[in-house]
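Survey of secondary and tertiary structure
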Amino acid sequence: FGAAILVQIALASAAALAGEAAILSLRDKPVWLFISDGSALVTGWLIALSLPPIAPWWMVVVATLIAIVVVKHLYGGLGQNPFNPAMAAFCIMIVAYPQLMSQWPAAGHHGDFATQLQLIFGGGPRTLGELDAVTMATALDTLRTALHGADSHATVAGVLGSQPTFGMFGGNGWEWVAAAYLLGGAWLIQQGIVTWHIPVAFLAVLGAAAGLAHGIAPDRYAGPLFHLFSGGAMLGAFFIATDPVSGATTPKGKLIYASGIAVLVWIIRSFGAYPDGIAFATLLMNICAPLIDLHTQPPVFGHKNGGQP
């Protein structure tokens, strides 16, 4: 999508560190000790990678400060927040600024770096007509609009075959980004940073749901490859759903938690008002995570499931 994403990552990183330092100072906490854990930067990067790369600079900064100050520290700081900070901030921004959140650069035709900088810092065009040259709907949004819009005769095969938006199977440009997230996620598992439970369960259940629906009604529902390699599926599987604070923590609980996110993602994509459902599905399952952990705790050695010796 162009080099503008590096600018957004820099903005989000600066806002995350500044917000974290300010709140830690107010709470009389050792600033460097807590900042050095990298959690604030992870949140900032996830926000930058989730928002459109040509979003105005203030949207990235505001979203990052909401995530750090409101969603994280008002609940007590790292380890206390019940919701994924980046996804909560994303949901707030997409509800508050739906038009700006839908202006994604056209893959391969996103304009030069100077044009993107103008769009980010307010010097470029912002009217819909002027933006047509550098922005487009995502593959998920294009397919959803075609299938559920005015054209009642549209089919998945017809839309995918007639639109250059869709690339090979997951969206022009999106599928390569998704493949990169897949490789990065595999490295996280290999390094032992995350376990396999959440990514594998999420991708397997999302693929199974999409495959089942596509098998029943191939004209109305996209297949597994499209769902897995479009939107934020791979980013969500390895880098969002695996958040150790707001997600389930037991092995069985992780499988249930990730499966729930996957089912909700497919439902939102297929029937909801938003083209992608990673953020909303994650927050809904964040609510369920404590209950899932409660009922999936393995028995203590020497005790029965009820806790009696």
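These numbers come from a predicted model, not from an experiment.

**Quick notes on the overall build of the protein chain**
In terms of regular secondary structure, the protein chain is built from 16 helices and two strands. By residue count, 47% of the 309 residues in the protein chain fall in the buried class. The contacts of the protein chain with a sequence gap of at least 6 include a subset with a gap of at least 24, amounting to 73%. Approximately 14600 Å² of the protein chain is accessible, and the part contributed by carbon and sulfur atoms is 70%.

**Focus on the environment of Leu-119**
With respect to the secondary-structure elements, Leu-119 resides in helix H7 (residues 113-120). Judged by relative accessible area, which is 2%, Leu-119 ranks as buried. A C-alpha to C-alpha distance of 9.6 Å links Leu-119 and Ala-4, two positions 115 residues apart in sequence.

**Focus: unusual backbone geometry**
Phi at Asp-28 is positive, roughly 60°, even though this residue is not glycine. Examined against the element boundaries, Asp-28 turns out to sit in the loop between helix H1 (4-26) and helix H2 (31-35). Since its relative accessible area comes to 70%, Asp-28 is described here as exposed.

**Details of the packing of aromatic side chains**
In this structure the tally under the stated criterion is eight aromatic pairs. Aromatic side chains Tyr-221 and Trp-266 sit 5.7 Å apart centroid to centroid with 40° between the ring planes, which places their arrangement in the tilted category. A residue pair is termed long-range when its members are at least 10 positions apart, and Tyr-221 in the loop between helix H12 (197-216) and helix H13 (224-228) and Trp-266 in helix H15 (residues 251-271) qualify at 45 residues. Owing to a relative accessible area of 22%, Tyr-221 belongs among the partly exposed residues under this scheme. Ring pairs connect the aromatic residues Tyr-221, Trp-266 and Phe-271, which therefore count as one cluster.

**With respect to the packing of helix H4 (residues 57-72) against helix H5 (residues 85-96)**
Viewed as axis vectors pointing N to C, H4 and H5 meet at an angle of 130°, and their least axial separation amounts to 8 Å. Our classification of the angle between H4 and H5 gives oblique. For the element pair H4 and H5, the recorded crossing hand is right-handed. Residue-level inspection shows Met-59, Val-62, Ala-63, Ile-66, Ala-67, Val-71 and Lys-72 of H4 in contact with H5, the latter providing Pro-85, Ala-86, Ala-88, Ala-89, Ile-92 and Met-93. Within the contact of H4 with H5, the residues separate by chemical class into 12 nonpolar, no polar and one charged.

Cut-offs used in this document
- Residues numbered from 1 in each chain as written.
- Predicted model: local features only at pLDDT ≥ 70, side-chain atom pairs only at ≥ 80, totals over all residues.
- Heavy atoms only, no water.
- Helix = DSSP H or I, 4+ residues; strand = E, 2+ residues; numbered from the N terminus.
- Buried < 20%, exposed > 50% of the residue type's maximum accessible area, 1.4 Å probe, protein only.
- Contact = heavy atoms within 4.5 Å.
- Areas by Shrake-Rupley, 256 points an atom, 1.4 Å probe, with all protein chains shown as cover.
- Phe/Tyr/Trp six-rings, centres within 6.5 Å; stacked < 30°, edge-to-face > 60°.
- Axes fitted to C-alpha atoms, helices over the stretch in contact; angles between N-to-C directions.
- Parallel < 35°, antiparallel > 145°, perpendicular 65-115°, else oblique.
- Left-handed = near helix turned anticlockwise from the far one by under 90°.
- Nonpolar A, V, L, I, M, F, W, Y, C, P; charged D, E, K, R; others polar.

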